[in-house]
There are 2 protein chains.
Amino acid sequence: MSVATVSRALRGLPNVAMSTRAHITAVASDLQYVADPMATRLATGRSRTIGCVVPLLGGWYFAQVVAGVEAVCTEAGFDLVVQSAGSAERLGDLADDAPTLQRRVDGLIMVDYALTDTNVAAFRTAGIEVVSVGAATGGFCTVGIDDAAVGDMAAQHLIELGHTRIGLIGSMRTEPFRFAVPELRASGFRTALADAGIDHDPHLFADGNFSVGGGAGAMTSLLAMSNPPTAVFALSDEMAFGARRAAERAGLDIPGDISLLGVDDHELAALFELTTVAQDPSAVGVSAARQLIARVDSEHNDDVHVVDRMVLPTRLVERGTTGPVHSA
Amino acid sequence: MSVATVSRALRGLPNVAMSTRAHITAVASDLQYVADPMATRLATGRSRTIGCVVPLLGGWYFAQVVAGVEAVCTEAGFDLVVQSAGSAERLGDLADDAPTLQRRVDGLIMVDYALTDTNVAAFRTAGIEVVSVGAATGGFCTVGIDDAAVGDMAAQHLIELGHTRIGLIGSMRTEPFRFAVPELRASGFRTALADAGIDHDPHLFADGNFSVGGGAGAMTSLLAMSNPPTAVFALSDEMAFGARRAAERAGLDIPGDISLLGVDDHELAALFELTTVAQDPSAVGVSAARQLIARVDSEHNDDVHVVDRMVLPTRLVERGTTGPVHSA
DNA sequence: TTGAAAGCGCTAACAG
DNA sequence: CTGTTAGCGCTTTCAA
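Rules used in this analysis
- Residues numbered from 1 in each chain as written.
- Chains lettered and ligands numbered in written order.
- Predicted model: local features only at pLDDT ≥ 70, side-chain atom pairs only at ≥ 80, totals over all residues.
- Helix = DSSP H or I, 4+ residues; strand = E, 2+ residues; numbered from the N terminus.
- Contact = placed C-beta atoms within 7 Å.
- Domains from an automatic or database assignment.
- Nonpolar A, V, L, I, M, F, W, Y, C, P; charged D, E, K, R; others polar.
- Pairing = 2+ DSSP bridges.
- Axes fitted to C-alpha atoms, helices over the stretch in contact; angles between N-to-C directions.
- Near = placed C-beta within 6 Å.
- Least-squares fit on C-alpha atoms with pLDDT ≥ 70 in both.
- Parallel < 35°, antiparallel > 145°, perpendicular 65-115°, else oblique.
- Left-handed = near helix turned anticlockwise from the far one by under 90°.
- Expected span 1.5 Å × (residues − 1).
- Buried ≥ 20, exposed ≤ 12 C-beta atoms within 10 Å, placed from the backbone.
- Core = buried A, V, L, I, M, F, W, Y, C linked by C-beta atoms within 7 Å.

Chemist: Would you take a moment to explain the overall build of chain A for this structure?
Modeler: Helices and strands together make up the secondary structure of chain A, namely 12 helices and 12 strands. By its C-alpha atoms, chain A is 85 × 35 × 30 Å across when sized along the principal axes. The long-range fraction of contacts in chain A, counting pairs at least 24 apart against all pairs at least 6 apart in sequence, stands at 72%.

Chemist: Sorry, what's going on with the domain arrangement of chain A here?
Modeler: Where the parts come together, the accessible area they lose is often given as the size of the interface. Residues and elements named next belong to chain A. Along its sequence, chain A is organised into domain 1 (1-35), domain 2 (37-145 + 282-312) and domain 3 (147-278). Between the C-alpha centres of domain 2 and domain 3 there is a distance of 31 Å. At the level of secondary structure, the elements contributing two or more residues to the side of domain 2 that touches domain 3 comprise helix H4 (60-76) and helix H5 (88-96). Split into classes, the residues belonging to the side of domain 2 that touches domain 3 amount to nine nonpolar, four polar and one charged.

Chemist: Is there a simple way to think about the sheet that holds strand S9 (residues 259-264) of chain B in this case?
Modeler: Residues and elements named next belong to chain B. Read across the sheet, six strands follow the order S7-S6-S8-S9-S10-S12 without closing on themselves; strand pairing throughout is mixed. Each edge of the sheet is formed by a strand with only one pairing partner; in this case those strands are strand S7 (205-207) and strand S12 (315-317). Averaged over all neighbouring strand pairs, the angle between strand axes comes to 20°, with direction disregarded. In this sheet, S7 lies alongside strand S6 (residues 166-170) in parallel orientation, the contact comprising three bridges. Bridge pairing links Gly 170 to Asp 207 in S7. Across the sheet, helix H10 (residues 212-223) touches S6, S7 and strand S8 (231-234), and the angle it forms with S7 is around 150°.

Chemist: When you look at the environment of Ala 186 of chain B in this model, what are you seeing that I'm missing?
Modeler: All names here are of chain B. By secondary structure assignment, the location of Ala 186 is in helix H9 (residues 181-195). In this structure the C-alpha to C-alpha distance between Ala 186 and Phe 233, which are 47 residues apart in sequence, comes to 9.4 Å. In this view, Ala 186 contacts Gly 151, Leu 168 and Gly 170; residues no more than four positions away in its chain are not counted.

Chemist: How should the protein's contact with DNA strand C be read in this particular structure?
Modeler: In the region of DNA strand C, 22 residues are neighbours, and Ala 4 and Ala 17 of chain A together with Ser 7, Ala 39 and Ala 43 of chain B sit closest. Broken down by secondary-structure element, the contributors of at least two residues to the surface near DNA strand C are helix H1 (3-11) and helix H3 (37-44) of chain A together with helix H1 (3-11) and helix H3 (37-44) of chain B. Split into classes, the residues belonging to the surface near DNA strand C amount to 13 nonpolar, seven polar and two charged.

Chemist: Would you explain the interface of chain B and chain A in this entry?
Modeler: Contacts between chain B and chain A engage 36 residues on the former and 36 residues on the latter. Those elements that place two or more of their residues in the side of chain B that touches chain A are H3, helix H4 (60-76), strand S2 (79-84), helix H6 (98-101) and helix H11 (237-249) of chain B.

Chemist: Mind showing me how you'd approach the environment of His 163 of chain B here?
Modeler: Position of His 163 of chain B among the secondary structure elements: in the loop between helix H8 (147-160) and S6. Here the alpha-carbon distance between His 163 of chain B and Val 232 of chain B, two residues 69 residues apart in the chain, equals 9.6 Å.

Chemist: Explain the relation of the copies chain B and chain A to me, please; I cannot follow it from the model alone.
Modeler: Mapping between the two copies of the chain is achieved by a rotation about an axis and a shift along the axis. After a rotation of 180° and a shift along the axis of 0.1 Å, chain B superposes on chain A with an RMSD of 0.1 Å. Put plainly, the chains are arranged around a two-fold axis. The C-alpha atom lying nearest the rotation axis in chain B is that of Val 81 of chain B; the distance is 2.1 Å. Interface residue correspondence from chain B to chain A reaches 100%, placing this contact among same-surface, isologous pairings.

Chemist: How do you make sense of the pairing of strand S10 (residues 275-278) of chain B when you look at a structure like this?
Modeler: Within a regular strand, side chains alternate between the sheet's two faces. All names here are of chain B. Examined bridge by bridge, S9 and S10 share four bridges and lie parallel to one another. From the neighbouring strand, Asp 264 faces S10, where its bridge partner is Ala 278. Across three bridges, S10 lies against S12 in antiparallel orientation. Counted as the bridge partner of Ala 278 is Arg 315 from S12.

Chemist: Can you walk me through the packing of helix H10 (residues 212-223) of chain A against helix H11 (residues 237-249) of chain A in this structure?
Modeler: For any two helices packed against each other, the geometry is given by the interaxial angle and the distance between the axes. Residues and elements named next belong to chain A. With their axes 6 Å apart at the nearest point, H10 and H11 run at an angle of 45° to one another. Regarding the angle of H10 to H11, the classification is oblique. For the pair H10 and H11, the sense of crossing is right-handed. Residue-level contacts link Val 212, Gly 213, Gly 214, Gly 215, Ala 216, Ala 218, Met 219, Thr 220 and Leu 223 of H10 to Glu 238, Met 239, Ala 240, Phe 241, Gly 242, Ala 243, Arg 245, Ala 246 and Ala 247 of H11. Its residues assigned to classes, the contact of H10 with H11 comprises 11 nonpolar, five polar and two charged.

Chemist: I tried to follow H4 of chain A on my own but got confused; where do I start?
Modeler: Since the α-helix turns once every 3.6 residues, residues separated by three or four places project in the same direction. Residues and elements named next belong to chain A. For H4, with 17 residues, the first-to-last C-alpha span of 25 Å sits near the 24 Å given by 1.5 Å per residue. Counting buried positions along H4 gives 13 out of 17 residues, so the element sits mostly inside the fold. Backbone geometry just after H4 places Gly 77 at a positive phi near 75°.

Chemist: Teacher, can you tell me more about the sheet that holds strand S6 (residues 166-170) of chain A here?
Modeler: Within a sheet, neighbouring strands are paired by backbone hydrogen bonds and run either parallel or antiparallel to one another. Residues and elements named next belong to chain A. If you trace the six strands from one edge of the open sheet to the other, you get S7-S6-S8-S9-S10-S12, paired in mixed fashion. Looking at strand neighbours, the two that pair on one side only are strand S7 (205-207) and strand S12 (315-317), the edges of this open sheet. This sheet shows a mean twist of 20° between the axes of neighbouring strands, independent of strand direction. Contacts between helix H8 (residues 147-160) and the sheet are confined to S6, strand S8 (231-234), strand S9 (259-264), strand S10 (275-278) and S12, with S9 contributing the most and set at about 160° to the helix.

Chemist: What should I look at first to understand the protein's contact with DNA strand D in this one?
Modeler: Of all residues adjacent to DNA strand D, which total 23 residues, the nearest are Ala 4, Ser 7, Ala 39 and Ala 43 of chain A together with Ala 4 of chain B. Counting residues per element, the ones that place at least two in the surface near DNA strand D are H1 and H3 of chain A together with H1 and H3 of chain B.

Chemist: Would you explain the packing of H3 of chain A against H3 of chain B in this entry?
Modeler: Packing of H3 of chain A against H3 of chain B brings their axes to within 8 Å, and their N-to-C directions diverge by 140°. Between H3 of chain A and H3 of chain B, the angle is such that the two are oblique. As H3 of chain A runs across H3 of chain B, the sense of the crossing is left-handed. Contacts from Met 38, Ala 39, Arg 41 and Leu 42 of chain A in H3 of chain A reach Met 38, Ala 39, Arg 41 and Leu 42 of chain B in H3 of chain B. Of the residues in the contact of H3 of chain A with H3 of chain B, the class split is six nonpolar, no polar and two charged.

Chemist: Explain the nonpolar core here, please?
Modeler: Within soluble globular proteins, side chains that are nonpolar tend to cluster in buried spots. Counting residues in each nonpolar core, the largest one holds 109 residues, and the members touching the most others are Ile 109 of chain A together with Ile 109 of chain B. In this structure Ile 109 of chain A touches Ile 50, Cys 52, Val 69, Val 131, Val 133, Ala 288, Ala 289 and Leu 292 of chain A, once residues within four positions along its chain are discounted. Ile 258 of chain A together with Val 150, Ala 231 and Leu 260 of chain B belong to the second largest nonpolar core, which has 86 residues in total.

Chemist: Which parts of the structure should I look at to understand unusual backbone geometry?
Modeler: Cis geometry is found at the peptide bond from Ile 254 of chain A to Pro 255 of chain A, where omega equals 5°. Relative to the elements of secondary structure, Pro 255 of chain A occurs in the loop between H11 and S9. Its identity is not glycine, yet Asp 264 of chain A carries a phi of approximately 135°, on the positive side. With respect to the element layout, Asp 264 of chain A can be found in strand S9. If you check the backbone angles, Asp 265 of chain B has positive phi at about 60° while not being a glycine.

Below, the structure written as structure tokens:
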């Protein structure tokens, strides 16, 4: 047996006699032989590895995305290497250091970064395909949800319940992650309000920093207003959790005194009876990974329809934190 | 310039003239040259990659551990590939297929698996070092917390408050993950009770499956007893969250009517005012990764003291869900 | 259908 | 201090 024949046999290439192949596979499994991946990668020039970069590995949302990505990677026989880049600089380094990733990963999934065409081009010239997760920002593949629609759904729901003074808990920080997301959701929300002929008091905004504690602080400041809102829309469930707590501490009944609406359908949202606009981040991860793998692996080329923008569904989940506006 | 010189210069090896090195680095950065990692790996026989296997990528606990691991990996210049193996079979495959991992990773961090010496030996012979996270189970390195002490702390706290009928929400499933953990915590808890001269009613146990929903169900069944407990100890915060909700739904006041105690100090525990035995899973990940890297990388050999068992601290965080026993 | 041989791009002796 | 020369273990023409 020559190495060439063994190589062909083990990889299932044609032009190998049945008997030879059988023999080779038998011996291989007997010896527990497995082709050295590094040698293979060096020879083929492809690493069968994809990278996934997230701002924060420990967060609920990102963990879900990564879980989705991982599932399709292992299924497709790809290794998944994860990296977190929490600061804008770290991300900048990553983009500048595209050559560093060269040959280490066939493709990259960038989660919730404000990637520019230039960044992506840098990766491409380094031979790295990239698909991003989040808001669409350039001429490259992005999978995500319709964040403006999220804001719209939230507004519609609250409007139907008769609310007109609606607080907004969001975030003004745009770096390093989910950069466009808060603004998109907020503008969808404001547009819906405007379309309904409600003019929205811009003071009804508070920064919740996409954290539980931030949400609580934001709610507290909203409640401290001379003319507080009858409902508040938090741009994430975690902020809504905090907001809920703050409202309860202030002695308010939800939804009797004030309605509360979140985004995500976090695993604990049901427990809080939180009405929310649900998304499925792990499905986002799955789709992103499929797109990427279709682009870098000819074997999976026709498994999925390659597109530049993929929008996953969101839906309103009505639970117990929203109700009709109370009479003032 | 010969390739050898370039190689030496770029890797910071000795025996390179200052001027030569300067020139080479200059040209390299000018050309954005980076050594091909696959070629390096093939030549050196080390992948500078470590693998991390978890039962579930999306869970809070595991996400924290992975985050810790990732932080030290990138700092040490190692790639981190993650894989989830949720079922016992998938894990078995992994152990049997140790040869598959061969040369792909220098080391492996197995999170909360019931690894046997045999499993570990299989990895070792494949040239893969492994450190596990969780309960100590064999002659290999394990980093974790003292789960029996966790149970003990919980029991002490509740005993001091005067409780004697204490419910336990845990889990009887031992596969595939955290296999020994529930039993260790439970036995630490029972021992403390026994030492205090309290004989514990074995019926005061309910399976909460380490999930929010399970915790709620478990609490409900505990509450349905003819002689319900005055306090309950949930083996995880997520189960405690569910338990709390169930108690509230039953119209009970916490801690007035019933005390509740969890384990983890989940990011939302503070929000729930949950008294809990805190651990720091990301610190566990950090330590595990350091141990592993010290074992596979001579450069980092003396950065950390290599041990076989590493126990990280836990502490009781008293918040609002535990209080003195109410008079019956 | 199979084998021989030339790389893939690096590292590591060994000479010089 | 620097260059030469073998590999590392595969894949891939090209012949046989």
